[in-house]
Structure formats: C-alpha cells, structure tokens
Amino acid sequence: MRVSHHSVLGNLENKKQVKIHFNGQQYVAYEGDTIASALLASGMRTLRFHEDKETPRGIYCNIGHCFECRVRVNDQSTVRACLTPVENNMKIESDVSFPTTSLNGGKL
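Residues numbered from 1 in each chain as written. Predicted model: local features only at pLDDT ≥ 70, side-chain atom pairs only at ≥ 80, totals over all residues. Heavy atoms only, no water.

A. Spatial organisation of the overall build of the protein. Check the secondary structure of the protein and you find one helix and nine strands. For the protein, the sequential pattern of α-helices and β-strands runs β-β-β-β-α-β-β-β-β-β. Contacts in the protein between residues far apart in sequence, at least 24 positions, make up 40% of those at least 6 positions apart. A total accessible area of about 7,200 Å² is found for the protein, and carbon and sulfur atoms account for 50% of it. (Helix = DSSP H or I, 4+ residues; strand = E, 2+ residues; numbered from the N terminus. Contact = heavy atoms within 4.5 Å. Areas by Shrake-Rupley, 256 points an atom, 1.4 Å probe, with all protein chains shown as cover.)

Shown next, in the form of structure tokens:
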C-alpha cells in the first residue's frame, strides 16, 4: 500500500525503517513518514471514535485543519497524526475523547 519509487520523494528502500506502536500493535514506518501516512500504509483506517456517535474517525483532510486524526503520542493527547513525524518506538494510542458537556452543566 506504499509508493516505493517516487520522482520527488525518492526510493523507499533508501529510507530508514522505524517501529511504531499503535494501540499496542507494532507497525513498520519509514523515516519521513507522518503517523497518519505510516498507519494508512499499514492498512489502518480508524484512529479514534467520535465522542457522541461512536463512529470511526480517521484521516480526513491530512493537512492539519480538521483534527479528525488526533491521537495520543507518548502520553500527550490531541496530537494530529497528519502533521507529526514518526520516531522509533513511538507509542501511539487512540485519543481520549473531548468532553461533550459544556461548563454550564451541558445546557446550550
């Protein structure tokens, strides 16, 4: 599921492999990957679930605008997977949901 030869990005075999862990599962990524591109290339489509509807969420805009791809990285929450480069042995988890009630007791 990866492009192995690219005229601008170069050849995949020239890139260093790194290992990342998403929700306890190990995946192979390559130096220069973002979390989103590495997981997408590994077949992972769901990064988290919607706070209210519990529907799957993944990579949507892939340019940092929508926050649909937010994950937890090395115990830091609300990290955008589409903007964050992978690092060897990075621990990535589905992000904890934002609270759905407001400060006024959930009344709008």
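Next comes the rest of the description.
B. Fine view of the nonpolar core. By size, the foremost hydrophobic cluster in this structure holds 19 residues, and its most contacted members are Ile20, Ile35, Val71 and Ile92. Breaking this core down by element, the ones donating at least two residues are strand S3 (17-22), strand S4 (25-30), helix H1 (35-41), strand S7 (70-73) and strand S9 (90-94). If one sorts the elements of this core by residue count, H1 sits on top with four residues. Those residues in contact with isoleucine 35 that lie beyond four places of it in its chain are Val71, Val73, Ala81, Thr84, Val86, Met90 and Ile92. (Core = buried A, V, L, I, M, F, W, Y, C linked by side-chain atoms within 4.5 Å. Buried < 20%, exposed > 50% of the residue type's maximum accessible area, 1.4 Å probe, protein only.)

C. Main features of the pattern of salt bridges. Inspection of the entire model under this criterion finds four salt bridges. With a shortest N-O distance of 3.1 Å, glutamate 51 and arginine 48 are connected by a salt bridge. Ionic pairing is found between arginine 70 and glutamate 51, a salt bridge with its closest N-O pair at 2.0 Å. Here arginine 70 is found in strand S7, whereas its partner glutamate 51 is found in the loop between strand S5 (48-49) and strand S6 (56-57), with 19 residues between them in sequence. (Salt bridge = Lys/Arg side-chain N within 4 Å of Asp/Glu carboxyl O.)

D. Summary view of the sheet that holds strand S8 (residues 76-80). Taking strand neighbours across the sheet as the criterion, the five strands line up as S4-S3-S9-S7-S8 in an open arrangement whose pairing is mixed. Where the open sheet ends on each side, the last strands, each with one partner, are S4 and S8. In this sheet, adjacent strand axes meet at a mean angle of 40° when their direction is disregarded. Alignment of S7 against S9, held across three bridges, turns out to be antiparallel. What sits directly across from valine 71, in S9, is serine 94. (Pairing = 2+ DSSP bridges. Axes fitted to C-alpha atoms, helices over the stretch in contact; angles between N-to-C directions.)

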